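# Structural characterization, general
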Amino acid sequence: MQCVVTGGNVKVLAKAIHSLSRIGDELYVEPQGDGLALRSVNSSRSAYACFLFAPLFFSRYNIRKEVNFRCKMAIKSVQTVFRSVATLEKTVEKCHIELDEAKDRLTFTLHCKHGLLKTHNLSYQDSESLQAVFDKDSYANVFRAHPRLLVDTVVHFPLSVEEVTVTVSDERMWVRNHVEDERSRAMLTELCLASDEFDHFAVKAHHSITFCLKELRGLLAFAESTGLLLSMYLDEPGSPVVLSVTDSVLEGNFVLATLSDDHNLYGRDLGSPLYQPDAEQPPPPDDFMNDDIDSYLIAMDTSVAPGPSAANPPTTSLAAARETPSDRHRIRRHSEEEEDGDRLPNKKFRSIFFGSVLPPSPQTSMQPVPTQEVLASNSEDETEAD
Amino acid sequence: MPLSTQSQGEDEQYILVTSLDNARNLSNLLKAISFKDHAVFTTTPNGLKVTVEDCKCVQANAFIQADIFQEFTIKEDLITFQVNLTVLLDCLNIFGGSTSAGISTALRMCYKGYGYPLTLFLEEGGVVTVCKINTEEPEEPIDFDFCSSNVTNKVILQSESLKEAFSELDLTSEMLQITMSPSQPFIYHRCLFLLSTFGSSGSAHYDYSKDSDMMELFRCKETQTNRYKMSLLKPSTKALTLSCKVSVRTDSRGFLSLQYLVRNDDGQICFVEYFCCPDEEVEEDS
């Protein structure tokens, strides 16, 4: 693989990598015939993001079509290549990305002003394809807006707010911070956006979904810097929300898990999670051997997401091995046990979903689950502010 | 005149009296070398030299010429004492070290001699603070024996261009490798002045072109590749940030000298210098 990025596109690439770093720790690189795909997934596999840069995005794009090459690397190390995004536009004239399969390294060469040449040789690991399966076109509700609208909305939520709830009606969208215990003293913030603030506002079903704000912020930073319209596809609670930006030479999709409704929270999320082994594209057996974590190739599959009635877990799912807890107390105990337990890929997925169920007691705030710590500190802040 | 209330009689007891209208002209330079607590002050009629060392491998010197000071009275040819640099910096910033224009702390620094504390009078907005810092037995600074006649390679750059590289240095790399070569290729076609790191995620190279307008001087006699401990060189970033030009020199033994030209708030020029020992010999692999 050999590609060359010039001018302002270097910044676009850098911004994309930075927004992917909001998702996961690893960057999956896959040069495809239709462009260079950069992907990331978080450790709990509740958030997935993919950028596809079309060959036209590059001033040169050469790949060996006969080989399916894929690799992954620490996203931090790629970020160091584009450390100073702010000055990148002024300093970098050209960026070469070259793959040296013999030495197992991906080389980024930045041609900077004043004749400075920066070369970063990054080592990588082979990986299987990371693909989330989602069909955003089948979604009931579609919105499109200038990123500014959402940036101005999100700015009202402090960084400590982990999740937001988006509720839609025919005419309006409400965004508020998600507070698990309504009696808690945490500050509630709600914003209402009218449909005419959007470029496109199509609602077929009134839904209220809750998802993590961090990843949305990541994509917003990208959309704002590139000035691309942001589309938001949302469906019923439990189905992932899809955020996307599209342009003639690039496409970015962020797929984020949403919190299920209370009544089907336990039966559904634990029993039949959104994530299922990718049945359509099973990874090659060799890769199974190479990487056991990734052999649990879990994709978000909205097409097979069962309705609320489908409480029986499919036997193929990883979570099926666990019994379905019947009450809140059991869930809490389960997630606590798992903190020091095994490290199945679905472990943190559940902690994301159920970490916020925990009350902000001193006991739970000791646990290394970010949501809980934040909930506790939130209430402290409140006390101080009072 | 700030601090002019000092009685003349008291002044006569001191063997060293210096005063600065803007204490930041001293504190900024001291910050550039403050990677260890203890600093040796060597004062001669020419000015003040402050030396900090670490691990017997790296030495930093800040030079403040006598004419930087509004008053510089020295009664002996050579006065040497050692103080805790961190404490001294805290004292110099005792009024908060405000950087806003028009507000500056005036300083009067006095020393009575061996066994006496270093006395600082600091004044800002009519408030005077007196600080007495105990002096310590001065340690003999290492002589790196770095002679200009032994210099093999020398590069002078505008600091701007090195700042970027130093701020981005991969700190997972234990070493910073510096390659200087007259012309012939080493790894790349035009490798002349090259900074390299070898970290956990891979290697990074910063290759400075000889023809760059950031390169003010390029004088290399032979190809030299030396490695220096990152932990020893990283503190020099402070000096780099402050400076406008930097001279990078290596001698025949591979010792590194970094000289920084620093322009202070009043446009006067001071120098900060770092010496660093090379690490073990580099094997010839790329």
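Preceding this paragraph is the structure being described.
Since the model is a prediction, treat every value here as computed from it, not as a measurement. (Residues numbered from 1 in each chain as written. Chains lettered and ligands numbered in written order. Predicted model: local features only at pLDDT ≥ 70, side-chain atom pairs only at ≥ 80, totals over all residues. Heavy atoms only, no water.)

### Here we look at the nonpolar core
Cut-off, in case you're wondering: Grouping buried Ala, Val, Leu, Ile, Met, Phe, Trp, Tyr and Cys residues that are joined through side-chain atoms within 4.5 Å yields what is termed a nonpolar core. Each residue gets one of three labels from its accessible area relative to the maximum for its type: buried under 20%, exposed over 50%, partly exposed in between, using a 1.4 Å probe on protein chains only. Strands are runs of DSSP state E lasting at least 2 residues, helices are runs of H or I lasting at least 4, and numbering of each runs from the N terminus. In what follows, a contact means two residues having at least one pair of non-hydrogen atoms within 4.5 Å.
A:Phe82, B:Leu120 and B:Phe193 are the most contacted members of the largest nonpolar core, which has 153 residues in total. The dominant element in this core, judged by the number of residues it contributes, is helix H1 (residues 8-20) of chain A, at 7 residues. What A:Phe82 contacts, discounting residues up to four positions off in sequence, is A:Val10, A:Leu13, A:Ala14, A:Ile17, A:His18, A:Leu88, A:Cys95, A:Phe108 and A:Leu110. Formed by 11 residues, the second largest nonpolar core is a distinct cluster that contains A:Cys50, A:Tyr139, A:Val242 and A:Val255.

### Considerations on the sheet that holds strand E14 (residues 190-194) of chain A
Residues and elements named next belong to chain A. Keep this limit in mind: The criterion for strand pairing is that DSSP finds at least two bridges linking the strands in question. Helix axes are fitted only over the stretch in contact, all axes being lines through C-alpha atoms; the angle between N-to-C directions runs from 0 to 180 degrees.
Taken together, the 4 strands give an open sheet; going across it, the order is E14-E13-E12-E16, and neighbouring strands pair in antiparallel fashion. On the outer flanks of this sheet lie E14 and strand E16 (208-212), each paired with one strand and no other. In this sheet, neighbouring strand axes are inclined to one another by 20° on average, regardless of whether the strands run parallel or antiparallel. Sheet topology note: the strand E13 (residues 172-177)/E14 ladder contains 5 bridges and is antiparallel. Counted as the bridge partner of Val-175 is Leu-191 from E14. Strands strand E12 (163-168) and E16 of the sheet are contacted by helix H5 (residues 213-226), whose axis makes an angle of about 75° with E16.

### Focus: the packing of helix H4 (residues 147-154) of chain A against H5(A)
Residues and elements named next belong to chain A. Which entries qualify depends on this criterion: Here the angle decides the label: under 35 degrees means roughly parallel, over 145 means roughly antiparallel, 65 to 115 means roughly perpendicular, and every other value means oblique. Crossing handedness is read from the near helix: turned anticlockwise from the far helix by less than a right angle, it gives a left-handed crossing, and turned clockwise, a right-handed one. All amino acids are sorted into three groups, where Ala, Val, Leu, Ile, Met, Phe, Trp, Tyr, Cys and Pro are nonpolar, Asp, Glu, Lys and Arg are charged, and the leftover types, Gly among them, are polar.
Close contact between H4 and H5 brings their axes to 10 Å; oriented N to C, the two are set at 140°. The angle between the axes of H4 and H5 places the two elements in the oblique class. For the crossing formed where H4 meets H5, the hand is left-handed. Here H4 contributes Pro-147, Arg-148, Leu-150, Val-151 and Val-154 to the contact with H5, which in turn contributes Leu-213, Leu-216, Arg-217, Leu-220, Ala-223 and Glu-224. Looking at the contact of H4 with H5, its residues break down into 8 nonpolar, no polar and 3 charged.

### A look at unusual backbone geometry
Residues and elements named next belong to chain B. Not every positive phi belongs to a glycine, and Lys-56 is a case in point at roughly 55°. The phi dihedral of Asp-145 is positive, around 50°, even though this residue is not glycine. Overall, Asp-145 belongs to the partly exposed group, its relative accessible area being 45%.

### Comments concerning the pairing of strand E12 (residues 193-199) of chain B
Residues and elements named next belong to chain B. Along E12, 5 of the 7 residues are buried, which leaves the element largely enclosed by surrounding structure. Both E12 and strand E13 (residues 202-208) contribute to a ladder of 7 bridges, which runs antiparallel. Bridging from a neighbouring strand, Phe-198 pairs with Ser-203 of E13. In sequence, E12 turns back onto E13 through a hairpin of 2 residues.

### Here we look at the sheet that holds strand E9 (residues 127-133) of chain B
Residue and element names in this part refer to chain B. As summarised here, the arrangement of the 5 strands in space is E5-E1-E7-E8-E9, forming an open sheet in which the pairing is antiparallel. Strand pairing shows two members of the sheet lacking a second neighbour, strand E5 (71-74) and E9, which therefore form its edges. Shown here is a sheet whose adjacent strand axes are inclined to one another by a mean of 10°, direction ignored. Relative to strand E7 (residues 106-111), strand E1 (residues 16-20) is paired through 5 bridges, and the arrangement is antiparallel. Counted as the bridge partner of Leu-20 is Leu-107 from E7. Docked against the sheet, helix H3 (residues 85-92) engages E7, strand E8 (118-124) and E9, running at close to 25° with respect to E8.

### Regarding the interface of chain B and chain A
Rules: Accessible area, probed at 1.4 Å, shrinks when two parts are joined; the buried area is that loss added up over both. Salt bridges are defined as contacts in which a side-chain nitrogen from Lys or Arg sits within 4 Å of a carboxyl oxygen from Asp or Glu. N or O atoms closer than or at 3.5 Å make up a polar contact, with two conditions inside protein: a donor-capable atom paired with an acceptor-capable one, and, for residues adjacent in sequence, both atoms drawn from side chains.
With 18 residues of chain B in contact, the opposing surface of chain A contributes 14 residues. Counting the surface lost from both chain B and chain A, the interface buries some 1500 Å², and carbon and sulfur atoms represent 43% of this. A per-residue breakdown of the area chain B buries against chain A is headed by B:Glu164, B:Glu168 and B:Ser201, which together make up 34% of the total. Applying the counting criterion to the chain B and chain A interface returns 2 salt bridges. Counting across the chain B and chain A interface gives 10 residue pairs in polar contact (both at pLDDT 80 or more). Secondary-structure elements contributing two or more residues to the side of chain B that touches chain A are helix H4 (159-168) and E13 of chain B. Per-element tally for the side of chain B that touches chain A: the top contributor is E13(B), with 7 residues. Of the residues contributing to the side of chain B that touches chain A, the split by class is 5 nonpolar, 8 polar and 5 charged. In this sheet, E13(B) lies alongside strand E9 (residues 117-123) of chain A in antiparallel orientation, the contact comprising 6 bridges.

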